[in-house]
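Notes for the structure review
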Amino acid sequence: MYPPLTEDIQEQAAAYSLGALTPDEAEAFAAHLDAPSVVAEVAACRAAVEAMAVAPALRTPPPALRDKILIAADTARPTADTTRPSPAPLRWPRLMPWLAAAALFVVALGLGARVAQQQATISEYQAFLAMPNTVQMEAGDAAPDAHGRFYLAPNSRQAMLLASDLPALPDDKVYQLWLVGKDGVRENGGLFRVDEGGYATMIVRAPRPLGEYARIGVTTEPKGGSPGPTSGRIIGADLSKATERSN
Amino acid sequence: MLQAPVTDEDLVRRCATGDRMALAALYDRYGVLVFSLVVRILGEGMAAEEATQDAFLAVWRRAADYSAERGRVLPWLLTIARNRAIDELRRRRPMAEQVELPDDAALQPGLEEVSLRRLQVRRALADLPDAQREALELAYYGGMTQQEIAEYLQTPLGTIKTRMRLGLQRLRAALDDARVGAPESQPSIHPRSDAVRNE
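Parameters and conventions
- Residues numbered from 1 in each chain as written.
- Chains lettered and ligands numbered in written order.
- Predicted model: local features only at pLDDT ≥ 70, side-chain atom pairs only at ≥ 80, totals over all residues.
- Heavy atoms only, no water.
- Helix = DSSP H or I, 4+ residues; strand = E, 2+ residues; numbered from the N terminus.
- Buried < 20%, exposed > 50% of the residue type's maximum accessible area, 1.4 Å probe, protein only.
- Contact = heavy atoms within 4.5 Å.
- Areas by Shrake-Rupley, 256 points an atom, 1.4 Å probe, with all protein chains shown as cover.
- Lys, Arg positive; Asp, Glu negative; His and termini not counted.
- Salt bridge = Lys/Arg side-chain N within 4 Å of Asp/Glu carboxyl O.
- Polar contact = N/O pair within 3.5 Å; in protein donor to acceptor, adjacent residues only side chain to side chain.
- Core = buried A, V, L, I, M, F, W, Y, C linked by side-chain atoms within 4.5 Å.
- Buried area = accessible area lost by both parts, 1.4 Å probe.
- Nonpolar A, V, L, I, M, F, W, Y, C, P; charged D, E, K, R; others polar.

**Focus on the overall build of chain B**
Of regular secondary structure, chain B possesses 8 helices and 0 strands. For chain B, the α and β elements follow one another from N to C terminus as α-α-α-α-α-α-α-α. Expressed as a percentage of the 199 residues in chain B, the buried residues total 50%. Looking at chain B alone, contacts between residues at least 24 apart form 66% of all its contacts between residues at least 6 apart. Split by element, the accessible area of chain B, about 9300 Å² in all, is 50% carbon and sulfur.

Right, here's the structure in full:
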């Protein structure tokens, strides 16, 4: 009644389960999926493929990722209209239960002193999520693997910098962010350090609205920072390339 | 404070009601596994973090649609993470358009078995002939079609197809044996507790 499970069908089932067919090939193969033997073969292949998902060497995510996900979840409810909200004010009514829960959680752990910091982080991340524009920060020659992302609103003095894969620095050095005006003048955008994974998050409070700057850059400076950059750019971006965020 | 064990399915149901502590609990259970998978695909960095975030947010958004008949939570989460990471990989390395893996997951072990299962899968993959393992890995972690793998390895397409079929059959057999042979109450470690930066 149904064709036998030939080697050719088995090969296609394996490639299909691995996602290694083109859309046309996959569609052609799917025509065989009314045969129970083929369905069973695909199910068995897929179980083995899915097992491969847990095989990679374990890596610890950056500690800030957990908070980022939880905060992003607040703006990602399925009930929310898919049209973009206008640059959102902080949504305290929805935030409050979470803050209360977080506070209880922290107190329960005997870490009451962290609550203030937790609140600051959450409200600041919330503001950053409302930032309408983002720009990718590219590496300079000094650290080719370094990269980052900058979240901003042109009419706001606040922005957020996320940096990844920056080299570790000795104790007497820091990273310094520079805000480069359209006249080429560099203003201090803040100092930061990276964790052992080369990752950093910094809230930026600029002297002027971000729309008045042309570029941003990060350099390595002596501890305490410098009045102007004294070394090559580690990462940087042209702010005219900032794009509207898609979600 | 003692609590009854909370299943993954319980947590997804709580996510559907907007309970963010449930999402936090899911992250604490599986954040390391999801992140490790996307780092395997994309390398460490911002893109891996974003793919991890996307996967958890997809579960959060679609929690109300989740039904236990569709399969277990972990494979669902990992399939979403793999698809997001492969999407990103293709953006970086434009290639022929390709189908995604369907995310209606089949049966998989639960939380308590994950660590043991990881060891079994790693052993089974390591025991494959190198050429077969390479074909499976280029497809699954590399997001390449069989044709692209053939070109990349400068090997006839028919050979790649055979390697994928034999490799997957061997992997299936090894995992079935491992499951049958594993004692029921094998002690296992929480996936989070054996997390290390470099393994």
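**Regarding the overall build of chain A**
Counting its regular elements, chain A contains 6 helices and 9 strands. Out of the 247 residues in chain A, the part that is buried amounts to 47%. Contacts in chain A between residues at least 24 apart in sequence constitute 61% of all its contacts with a sequence separation of at least 6. Accessible surface, chain A as shown: approximately 11800 Å² in total, 56% of it carbon and sulfur.

**Concerning the side chain of E221 of chain A**
All names here are of chain A. Of note, E221 is situated in strand β7 (residues 213–222). The side chain of E221 is buried and forms no salt bridge, while K173, the nearest opposite charge, is found at 7.2 Å. In terms of polar contacts, E221 uses its side chain to reach the side chain of T219, at 2.6 Å. Apart from the residues lying within four places of it in its own chain, the contact partners of E221 are D172, K173, V174, Q176, W178, S226, G228, P229, T230 and S231.

**Here we look at the nonpolar core**
Formed by 85 residues in total, the largest nonpolar core has its most connected members in L18 of chain A together with L26, F56, L168 and L171 of chain B. The element best represented in this core is helix α2 (residues 20–42) of chain B, accounting for 15 residues. The next biggest cluster of nonpolar side chains, apart from the first, holds 27 residues, and it includes A146, L179, I216 and A237 of chain A.

**Notes on the interface of chain A and chain B**
Often, the extent of an interface is quoted as the loss of accessible area on bringing the components together. With 61 residues of chain A in contact, the opposing surface of chain B contributes 71 residues. Carbon and sulfur atoms supply 62% of the area that chain A and chain B bury against each other, a total of about 6000 Å² over both sides. Among the residues of chain A in contact with chain B, M52, L58 and R59 of chain A are the three that bury the most area, contributing 14% of the side total. Across the contact surface, chain A and chain B share 7 salt bridges. With a shortest N-O distance of 3.7 Å, E11 of chain A and R165 of chain B are connected by a salt bridge. Linking chain A with chain B are 15 residue pairs in polar contact (both at pLDDT 80 or more), by the criterion used here. Taken together, the elements giving at least two residues each to the side of chain A that touches chain B come down to α1 (7–17), α2 (23–30), α3 (36–51), α4 (64–74), α5 (92–108), β2 (147–152) and β3 (158–164) of chain A. In terms of residue class, the side of chain A that touches chain B is made up of 39 nonpolar, 9 polar and 13 charged.

**A few points about helix α7 (residues 146–153) of chain B**
Owing to its 3.6 residues per turn, the α-helix aligns residues three or four sequence positions apart on the same side. Among all positions of α7 of chain B, only Q146, E148, I149, A150 and L153 of chain B are buried. The positive-phi residue at the C-terminal boundary of α7 of chain B is Q154 of chain B, with phi of around 50°.

**Quick look at unusual backbone geometry**
All names here are of chain B. With phi around 50°, Q154 is a residue other than glycine that occupies positive phi space. Relative to the assigned elements, Q154 resides in the loop between α7 and α8 (157–181). Judged by its relative accessible area of 74%, Q154 is exposed.

**Some remarks on α4 of chain A**
Counting buried residues along α4 of chain A, 9 of its 11 residues qualify, which places the element largely inside the surrounding structure. Every buried residue of α4 of chain A is accounted for by A64, L65, K68, I69, L70, I71, A72, A73 and D74 of chain A.

**Overview of the environment of E244 of chain A**
Residue and element names in this part refer to chain A. Inspection of the secondary structure assignment puts E244 in strand β9 (residues 243–244). Classification of E244 by relative accessible area gives exposed; the value is 60%. When the C-alpha positions of E244 and Y151 are compared, they lie 10.0 Å apart, and in sequence the two are 93 residues distant. Contacts of E244, omitting those with residues within four sequence positions, involve P132 and N133.

**Some remarks on the pattern of salt bridges**
The final tally for this structure, using the stated rule, is 15 salt bridges over all chains. Between K68 of chain A and E49 of chain B there is a salt bridge whose closest N-O contact spans 3.2 Å. Taken as a pair, K68 of chain A in helix α4 and E49 of chain B in helix α3 (residues 46–62) lie in two separate chains rather than in one. With a relative accessible area of 7%, K68 of chain A lands in the buried category. Overall, E49 of chain B belongs to the buried group, its relative accessible area being 4%. We note a salt bridge from R40 of chain B to E137 of chain B, for which the minimum N-O separation is 3.4 Å. Linking R40 of chain B in helix α2 with E137 of chain B in helix α6 (residues 130–140), this pair joins segments that are 97 residues apart in sequence.

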